[in-house]
Amino acid sequence: MKFPAQVRIIDVGPRDGLQNEKQLISANVKIELVHRLQAAGLREIEVTSYVSPKWVPQMGDNAQVMAGIARKPGVSYSVLTPNLKGFEAAVADVAIKPHEIVVFGAASEAFSQKNINCSIAESIERFAPVVQAAKAQGIAVRGAMSCTLGCPYEGEIAPERVGYLAGLMRGIGVERVDVADTIGVGTPRKVQRAFEATLAHFSIDEVSGHFHDTYGQALSNTLAALQMGVWNFQSSVAGLGGCPYAKGATGNVSTEDVVYLLHGLGIDTGIDLEALVDAGQFISAALGRKPNSRVAIALINKRLS
Ligand code: HMG
Ligand code: MG
């Protein structure tokens, strides 16, 4: 099948990328990162999460970060809200109101318990009023589906379980879903099976790929999803990231690597790769390390030569 003509990327670096960092990063650095991402052409940015600061201290400055962003017209800012408490905090002031909220569930019972302290069924009960409240305020709703290609606690996850979760998400009114490989163990055919199961409940325009790169498969998995016509993806600038409740899992595939792949295929992203590399260098310097992106390193070395 033909590849899509354009791809929309949500950079999840400020949220998924930074949530697992031990050293507290200042709100100003996070805000500057968002500014650099939007200047590089990102039209969707996952900024932060309204979760318990005892569970994820790094996201404790959520409202401060949202309030500090000089919003660029045409850019959609999303935040994670696992329950009504989080949702209410996310919309407490018009200055911080997101365009989209994300409820996050798992295809694995064990991961659901570890990550959000409840079963899959309970999570859906908690999400339902959040989805309703968001829609009542004209806020879009995305559902993240974790562990669709494997679970750190349960191992293999059958595509039927992904389909089951997707059906539950659809049932409560979630508008689009992320097929997430939380621990980066998936391979292309598995990716396609997880999407096939999801596509029983959502259209091709309503599904996105969210691949962590622990086993180095994320670009292959991206290509496998593209071959099915998937045209929404999530990635982290500089390959930042990991989930605190998925031990051993590394960051998301880097946005730089995904953009290089897409541009090489002639697919439009609206993203300026050089400016993106600069954004990645900025946050990597703040963290005291090199970008975790082969493309970024190659382009930085080329600049220096
Ligand atoms: P809980 O303990 O079951 O909730 O946590 P609770 O309602 O019993 O409340 C316990 C305490 O948390 C109370 O405070 C609440 O006020 C507080 P205390 O009385 O002890 O001082 N609380 C909150 N505080 C702030 N914001 C809230 C909130 N809710 C309760 N929204 C909860 C349930 C979900 C809150 C908890 O388990 C939690 O915060 N988990 C963190 C989950 C998380 O952020 N995980 C990482 C993001 S998911 C991810 O990375 C995967 C993804 O990238 C896709 C992929 O790759 O798979 C999306
Ligand atoms: Mg993730």
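Below is a short write-up of the structure. All values reported here derive from a predicted model rather than from experimental measurement.

## Observations regarding the pattern of salt bridges
- One pass over the structure, following the stated rule, counts 17 salt bridges.
- As a salt-bridge pair, Glu-46 and Arg-15 come within 2.7 Å of each other at their nearest N and O atoms. Of this pair, Glu-46 sits in strand β2 (residues 44–49) while Arg-15 sits in helix α1 (residues 13–17), and the two are 31 residues apart along the sequence.
- Residue Glu-46 is classed as buried on the basis of its relative accessible area of 1%.
- Overall, the relative accessible area of 8% leaves Arg-15 in the buried class.
- One salt bridge connects Glu-206 with Arg-170, and the closest N-O pair in it is separated by 2.7 Å. With Glu-206 in the loop between α8 (188–198) and β7 (207–211) and Arg-170 in helix α7 (residues 159–171), this pair connects stretches of sequence that are 36 residues apart.
- By relative accessible area, which is 22% here, Glu-206 ends up partly exposed.
- On the basis of relative accessibility, which here comes to 33%, the residue Arg-170 falls in the partly exposed class.

## Some words on the sheet that holds strand β8 (residues 232–235)
- Read around the closed barrel, the eight strands follow the order β1-β2-β3-β4-β5-β6-β7-β8; overall the barrel is parallel. Going from strand to strand, the sheet's axes swing by 25° on average, the running direction of each strand aside.
- Sitting on the sheet, helix α2 (residues 27–39) is in contact with β1 (8–11), β2 and β3 (76–80), with an inclination near 165° to β2.

## Description of the site of ligand 1
- In the vicinity of ligand 1, 27 residues are found, and the nearest of them are Arg-15, Gln-19, Asn-83, Ser-146 and Thr-182.
- At 3.0 Å, a side-chain N or O of His-210 approaches an oxygen atom of ligand 1.
- The protein chains hide 75% of the 1100 Å² of surface that ligand 1 would expose on its own.
- Every element with two or more residues in the shell around ligand 1 is listed here: α1, α4 (84–90), α5 (109–116) and β5 (140–146).

## A look at the environment of Gln-64
- Following the sequence through the fold, Gln-64 ends up in helix α3 (residues 62–68).
- Residue Gln-64 is classed as exposed on the basis of its relative accessible area, which comes to 52%.
- Residues Gln-64 and Ala-27, spaced 37 residues apart in sequence, show a C-alpha to C-alpha distance of 6.8 Å.
- What Gln-64 contacts, discounting residues up to four positions off in sequence, is Ala-27 and Ile-31.

## Quick look at the environment of Glu-196
- You can see Glu-196 is positioned in helix α8.
- Its relative accessible area of 41% is what places Glu-196 among the partly exposed residues.
- Ignoring sequence-local partners within four residues, the contact set of Glu-196 consists of Arg-189 and Met-228.

Rules of the game
- Residue indices follow the written sequence of each chain, beginning from 1 at its first position.
- The lettering of chains begins at A and the numbering of ligands begins at 1, in the order of writing.
- Totals for whole chains, interfaces and linings use every residue, but because this is a predicted model, local features are given only for residues with pLDDT of at least 70 and side-chain atom pairs only at 80 or more, for both listing and counting.
- In computing side-chain values, all of the structure's heavy atoms are included and hydrogens and water are not.
- A pair is scored as a salt bridge if a Lys or Arg side-chain nitrogen falls within 4 Å of a carboxyl oxygen belonging to Asp or Glu.
- Working definition: helices are DSSP H or I runs of at least four residues, strands are E runs of at least two. Numbering for both runs from the N terminus.
- Three labels apply to residues, based on accessible area from a 1.4 Å probe with only protein chains included: buried if under 20% of the type maximum, exposed if over 50%, partly exposed otherwise in between.
- Each pair of strands is called paired provided DSSP finds at least two bridges between the two strands.
- Axis definition: a line fitted to C-alpha atoms, over the contacting stretch in the case of helices. Angles run 0 to 180 degrees between N-to-C directions.
- Contact between two residues is taken to exist if any of their heavy atoms lie within 4.5 Å; hydrogens are not considered.
- For this purpose, a residue is taken to be near a molecule or strand whenever a single non-hydrogen atom of the residue falls within 4 Å of it.
- The definition of a polar contact used here is a pair of N or O atoms within 3.5 Å, where within protein one atom must be able to donate a hydrogen and the other to accept one, and adjacent residues in sequence count solely through side-chain atom pairs.
- Using a 1.4 Å probe, accessible areas were evaluated by the Shrake-Rupley method; residue-level cover was limited to the displayed protein chains.

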